[in-house]
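Observations on the model geometry
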Amino acid sequence: MTFKKISFLLSACLWCGAALAQNITISTPKTSMVLSAPIGGNLNYVYYGSKLSPTDLENIETTHPSLYSAYPVYGMNCPTEAALAVKHADGNMSLEMEVVNVTTRIEKDGELTVVELKDKIYPFFVNVYYKTFNGTDVIETWTEIKHQEKKPVSLNRFHSAYLPIRRGNVWLTHLYGSWANEGKVIQEPLQPGVKMIKNKDGLRNSHTAHPEVLFSLDGRPQENSGAVIGAALCYSGNYKLMVDTHDDEYHHFFAGINEENSAYTLPKEEVFTTPALALTYTNEGLSGSSRNFHGWARQYKLANGNQPRKILLNSWEGVYFDINQEGMDQMMNDIASMGGELFVMDDGWFGDKYQRNTDNSSLGDWVVDTRKLPDGIEGLLRDAKKNGVKFGIWLEPEMANTTSELYEKHPEWIIQAPQRDPVLGRGGTQVVLDLTNPQVQDFIYQLVDNLMTNYPEIDYIKWDANMAIMNHGSTYLANDKQSHLYIDYHRGLEKVCQRIRAKYPDLTIQACASGGGRVNYGLLPYFDEFWVSDNTDALQRIYMQWGTSYFFPAIAMGSHISACPNHQTFRTIPLKYRIDVAMSGRLGMEIQPKNMSEEEKALCKNAIAAYKEIRPIVQFGDLYRLQSPYDNLGVASLLYATPEKDKAVFYWWKTEQFANQHLPRVKMAGLDPDQVYTIKELNRVDNEPLSFEGKRFTGAYLMANGLDIPYSHKLDYHKLNDYASRVLYLEAAQ
Ligand code: GLA
C-alpha cells in the first residue's frame, strides 16, 4: 500500500487567531466530513453533512467553527463527557493530545485516513481512523490506543468516537425491546441532560437496546425526507451510547464499549483497538439512512452480502426437541415439494452420555445422538440429497450444560466468579464457556472445522447463544485482568469467527441468540443473516422487522411462516397474512408441514415460487418505508425497488380491524416518476382480482397518490377473517 501525506486544505482559522488550520476532508459520494488537524495542535471536528463544494470548503470554518475535539480526552478542561479517560502509570489522570501526523491511504475498498495523536508530555498515543467505502455514504471511525510508559496504564473509558450534533429540533430514533419483542422503535426529541443507551448482557447485545441510532436533524423524523445522521457501533459486546446535552449549541454524542466493570490494564506497546462506529448522513429521511446502511452492509459488512439466500424450513417450531431420522426426512420432503431449497435441523440432535431431550443437558457434547439418528449426519445428508434440498444444522458452540461430558472433563472452561458456584442459565444447568481461553477458542473452532471437514455438504449453520454472562470471572485471565472479561470474551469470539470464515467463506451461518440477541455489525461480517426474534407471530413481526430494518437489510432478516395459533402469542392469523409478512424478509418456514392442509401447502408453494421471482428485489433492492405501524393508523406499508427502479414490490398489511374504519391511502416512494408500471398482485386469495390488477400507472402517479387498497378480502363467507394484506409486484414497461 502506498501512503501519501494528506493534502491539507488551508483555510483561515478565525477562532484561534493567528494560526492557520489544516483541514482534512473525508469524502463520500454525497457527504463530507471536515476535521481540523494542524500538526502540533488539536484534532477538532468541523463539519459532517451533505457534500461540500470547493467554495464551501474554503469558507466552512467561518460558519462551522472547530470548537470541539474530534476525540475528547479527560483531564484538561473537558467540559462535556470524554471519549477516553486513563490513569497513567504514575497516577496522573489527565491527557492532552496533539496531532503529530496525518496520512491517507487508498485501499481496495475505500480510503483510510489516520490522524496520529500524542500526549504533550507522556509517551501515550492515539490513532484516530476514518474509513470510507467505495460507492457508499458510510464513514467508519475508530481508534487505536497505545503507550510506552514504564508500567501499564489503566484505561477507564475508551469510546470509539464522538460527534457533536447541532441543536435545533433533533430527534433520536433507536430500538428497544426484549426477548420475543425485539427491535421496537422509540422516537424522542433530544432534551437537556444525558440520554444513555447501553448493554451489559456480556454475550448478546440487541434484545433490549441496540448499538445503532438515527438523529433526525429537522424535527420529527420523516421516512422519506429530512436530514438524518445514522450511527452504528460495530460491536458484539457491551456498549454505551450517550448523548450529553448541556448549556451549549450542540448535542454531544459518544459511542463505544461500555467501560462499566471493564477497566482495561494496557501494558506498554499493546495496541487497544476500539470497535468502529459507522456513520452515515443523508437528506432522504430515515429510509435514506437505512438504504445507506443496507448498501454498505451488503457490500462490505455482511458475510456473502452479494449472494441470494435460500428459502428454508427450520425444524424448531415444527418438532422442537423431537428429532428423529424419519421426521427429518419427512420435513425435507415437504419443504422440497413446496419449492424450498434448504432444511435446517434445529436443537435436539446431539448428546451421547446425556440425551438432549429438553434444554437442561448436553450442550458441548456435539456428537450425534444415534438413538434418534441411527444413520448419523451421513443419513441426514443422504436424505437431503434424495429430496433435492441442502442441509443445515443447529449449534450453540459457546455453551455447555453442567450435565454434559464436556463440563465433566473441563469444569475450568466455564465462566465463573472465583471461589463461587456458577450462576446457571437456561434449563437450570447452562453455563458459558470462557472464550478468553485459547483452548476454548480451539475447541469451538474444531467443532465447526471437524463438522465441515467430515461433512462438507453441510450448507448452513444456525449458531445460537442462549445465555448472558451471569458470573464475572475467568480461571484463564490473571487476577489483575479479571476486568478484561467482557472485552476479551468478544475478542476470543471474533478470533474463532475469523478462523472459521478464513476456511469456510461460503458456508451460510445464521447468528441467533435467543432470537434477536446478536443483531449487530460487530458479528455480521462473519454471519450471513440473523434470526430477528423467537417470536414468529406475523403481526408482531411487522413491528419488530420494521425497527430492525432501520439498520439491517432484508437479506439478513430470517423471517419464517409459522403455525397458528402462534406459539408465542397464541394469536390466530390466516396463512395468507403470515406469508405476506414473511415474504418481506429472508423467507423461510418454521412449521410442521405434516399438520398443514393440502390447500395451505399449495398456498405456500405458490408463495415460494413468487418469492423466487421477487427475491433479487427484496434481498438486493432499496427499501422505502411508507407507512409506519407505530403511527397506529391501522396499516403498515413498505416497498423495495431495484436500483434501476424498473421493478418494485409493495407490501401492505392491515394492523387492526374495526368495522367502518378509515385507513390512509399509502403513497409509494422510490419509483421513477417517468416510468410506467404494470401492477400484479402476488399471493392472491380473493375470488376476484383487484380493480387495478394488470393496469398501468406512472411512477409519478403512484408516488403522488398510491393505490386504494381494499380493506378486506373478497372470500367465500366461511373464509372471511379479520386480517388483510397485499403484496403487489410492479414492473416497468420495457
Ligand atoms: C433458541 C433459539 C430458537 C431455537 C432454540 C433451540 O431459543 O432462538 O430459535 O433454536 O434456541 O433450543
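The rules we used
- Residues numbered from 1 in each chain as written.
- Predicted model: local features only at pLDDT ≥ 70, side-chain atom pairs only at ≥ 80, totals over all residues.
- Heavy atoms only, no water.
- Pairing = 2+ DSSP bridges.
- Helix = DSSP H or I, 4+ residues; strand = E, 2+ residues; numbered from the N terminus.
- Axes fitted to C-alpha atoms, helices over the stretch in contact; angles between N-to-C directions.
- Contact = heavy atoms within 4.5 Å.
- Domains from an automatic or database assignment.
- Buried area = accessible area lost by both parts, 1.4 Å probe.
- Salt bridge = Lys/Arg side-chain N within 4 Å of Asp/Glu carboxyl O.
- Polar contact = N/O pair within 3.5 Å; in protein donor to acceptor, adjacent residues only side chain to side chain.
- Nonpolar A, V, L, I, M, F, W, Y, C, P; charged D, E, K, R; others polar.
- 1 Å grid on protein atoms, 1.4 Å probe; cavity = no way out; pocket = protein on both sides within 12 Å on 5 of 7 lines; lining within 4 Å.
- Points joined across faces, edges and corners; volume = space filled by probe spheres on them.

Quick look at the sheet that holds strand β38 (residues 725–732) now. On the basis of which strands lie adjacent, the open sheet formed by six strands has the order β33-β34-β35-β38-β36-β37 and antiparallel pairing. For this open sheet the edge positions go to β33 (622–627) and β37 (696–698), each flanked by a neighbour on one side alone. The average angle at which neighbouring strand axes cross in this sheet is 25°, direction not considered. Bridge analysis of strand β36 (residues 676–682) against β37 gives three bridges, and the strand direction is antiparallel. Bridging from a neighbouring strand, V676 pairs with T698 of β37. Against the sheet, helix α10 (residues 575–582) engages β35 (647–654), β36 and β38, with an angle of about 45° to β38.

This part takes up the sheet that holds strand β24 (residues 342–345). Pairing within the closed barrel is parallel, and its eight strands lie in the order β23-β24-β25-β28-β29-β30-β31-β32. Going from strand to strand, the sheet's axes swing by 30° on average, the running direction of each strand aside. Sheet topology note: the strand β29 (residues 508–511)/strand β30 (residues 529–531) ladder contains two bridges and is parallel. Each residue of the ladder has a partner; that of Q510, found in β30, is E529. Relative to the sheet, helix α7 (residues 438–454) contacts β25 (390–395) and β28 (458–463), its axis offset from that of β28 by approximately 155°.

Bringing the domain arrangement of the chain into the picture now. Taken as a whole, the chain is organised into domain 1 (3–301), domain 2 (312–620) and domain 3 (624–732). Averaged C-alpha coordinates put domain 1 and domain 3 at centres separated by 40 Å. Taken residue by residue, the interface counts nine residues in domain 1 and five residues in domain 3. Both sides of the domain 1 and domain 3 interface together cover about 610 Å² of buried area, and 45% of this is carbon and sulfur. In terms of surface lost to domain 3, no three residues of domain 1 exceed E223, N224 and R291, which account for 54% of the buried area on that side. Connecting domain 1 to domain 3 are one salt bridge. A salt bridge links R625 to E223; the shortest N-O distance between them is 3.0 Å. Counting every contact that joins domain 1 to domain 3 gives six residue pairs in polar contact (both at pLDDT 80 or more). The set of elements that each furnish at least two residues to the side of domain 1 that touches domain 3 consists of β14 (184–189) and α2 (285–301). Split into classes, the residues belonging to the side of domain 1 that touches domain 3 amount to two nonpolar, four polar and three charged.

With that settled, the discussion passes to the layout of surface pockets. By volume, the largest pocket amounts to about 820 Å³. Taken together, 29 residues line the largest pocket, and the ones lying closest to its centre are C234, K301, E494, Q498 and Y526. Looking at the lining of the largest pocket, the elements that each hand over two or more residues are β11 (138–147), α2 and α8 (485–503). By residue number, the principal contributor to the lining of the largest pocket is α8, which donates seven residues. Classifying every residue of the lining of the largest pocket gives 15 nonpolar, six polar and eight charged. Looking at the lining of the largest pocket, you find at least three residues from each of domain 1 (3–301) and domain 2 (312–620).

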